[in-house]
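Close look at the chain arrangement
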Amino acid sequence: MSNPIFDRTDQLLAEIKSASISTLEELEAFRIKYLGSKNVIKPLFAEMRNVPNEDKKEFGQRMNALKVAAEEMFNSHKQSFDQAASKASFDQLDLTAPPASRNKGSRHPVSLVMNRIIHIFEKIGFAVEEEREIEDDWHNFTAMNTPEDHPARDMQDTFYLKNSVTNLLRTHTSSVQARVMTKTKPPIRIIAPGRVYRNETISARSHCQFHQVEGLYVDKNVSFADMKQTLLYFAREMYGADTRIRLRPSYFPFTEPSAEMDVYWGLESEADYRITKGTGWLEILGCGMVDPNVLKNCGIDPEEYTGFAFGMGIERQAMLQYKIEDIRLLFENDVRFLRQFNSAY
Ligand code: PHE
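Residues numbered from 1 in each chain as written. Predicted model: local features only at pLDDT ≥ 70, side-chain atom pairs only at ≥ 80, totals over all residues. Heavy atoms only, no water.

**Details of unusual backbone geometry**
Across the junction of P186 and P187, the peptide omega takes the value 5°, indicating a cis bond. Assignment of secondary structure puts P187 in the loop between α7 (174–183) and β4 (188–197). Of note, the bond from E256 into P257 is cis; its omega dihedral lies within 30 degrees of zero at -5°. Along the polypeptide, P257 turns up in strand β7 (residues 255–264). Although it is not a glycine, N145 sits at a positive phi angle of roughly 60°. Considering the arrangement of structural elements, one finds N145 in the loop between α6 (137–142) and β3 (167–169). (Helix = DSSP H or I, 4+ residues; strand = E, 2+ residues; numbered from the N terminus.)

Shown next, in the form of structure tokens:
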């Protein structure tokens, strides 16, 4: 004869299977009643000790079947409610609504100016070369004809790496020129954009890190006139079609002759007087014919080849172009400042 306790489990099973669940509230009531911490199945376990040994196994299986049936019932209803809810929220989508506004990023003003300069030189066939910022003494100074006792090597100007007398943070991207010349045969026509470091006191006007674009052209019969024409082209692309330039004699260890190039900025406002020190002319780059010693140091025969080189700082041009008064703003990464620039380049 079957144990009467089995009638109870039969009854509960039938109840679970026929439960009517048509709302979320009914689903929750079902969960509490059959699966919650005080569910109605639990008390039946207490009956286990009254069940004779030969029925214990079947009783256990029946109890388990109750739990499984309740879970199945709950899960299948929950799934159909979830599907209905997501369909409803899709139906409520307003496909004509304007898109939520997004925070657009912008390029850093230094990148904007640097990319413009790169673009101008790329148009006349200069290739971009990038190299390491941690350099050795040889590529930064020696190859560039900068003698051991040159003041530029002074600890005051150069950041040497801790415990090293040969490794340093490059002070100019001329080191890239040295690297390219030692591994490539002329004709060489490159520009070297990148970050450089000098041990200077940080102020509104100068910083211990800044960016440069240097250029190098080495081939047979490269002349000073070629350099002047290239730089005039650059100045006019950068500062407008009728920009005037002038070259003033100067000195760099790695070029001979050397010059500094000014562009005519004008004297229309008080600010113009201030920026050009009353002359109307603004210095924007250093340049010159590559010193034969530099070519020799890098394995290029100065009897066969000549070249010109130039180098310019980016921050100052960015400050002029965007009327930025303090160079430190360029390195603080304050989004209120950065947000003002767009990203044409
Ligand atoms: N290397 C120089 C500087 O850092 C710039 C320069 C490059 C000048 C090439 C002349 C020729 O100031």
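**Re α7**
Working note: α-helix, 3.6 residues per turn, so residues spaced by three or four point in the same direction. Counting buried residues along α7, 8 of its 10 residues qualify, which places the element largely inside the surrounding structure. Buried within α7 are the following residues: S174, S175, V176, Q177, A178, R179, V180 and M181. The secondary structure elements touched by the buried residues of α7 are β2 (134–136), α6, β4, β5 (209–219), α10 (292–297) and β9 (306–313). (Buried < 20%, exposed > 50% of the residue type's maximum accessible area, 1.4 Å probe, protein only. Contact = heavy atoms within 4.5 Å.)

**Here's the deal with the nonpolar core**
Within the largest apolar cluster, 41 residues are counted, with the highest numbers of intra-cluster contacts made by I117, F121, F234, M261, L285, F310 and M312. Contributions of two or more residues to this core are made by α5 (109–122), β5, α8 (224–239), β7, β8 (281–290), β9, α11 (315–322) and α13 (335–338). For this core, the element with the highest residue contribution is α5, accounting for 8 residues. Apart from the residues lying within four places of it in its own chain, the contact partners of F121 are F126, I191, T230, F234, F310 and M312. Ranked by size, the runner-up nonpolar core spans 19 residues in total, among them L216, V294, Y305 and A309. (Core = buried A, V, L, I, M, F, W, Y, C linked by side-chain atoms within 4.5 Å.)

**Remarks on a nonpolar patch on the surface**
On the surface, F90, L93 and L95 cluster together into a nonpolar patch covering about 380 Å² of accessible area. Its location among the elements puts L93 in the loop between α4 (53–91) and α5. (Patch = residues over 30% accessible without salt bridge, like charges linked within 9 Å, V, L, I, M, F, W, Y side chains within 5 Å. Areas by Shrake-Rupley, 256 points an atom, 1.4 Å probe, with all protein chains shown as cover. Salt bridge = Lys/Arg side-chain N within 4 Å of Asp/Glu carboxyl O.)

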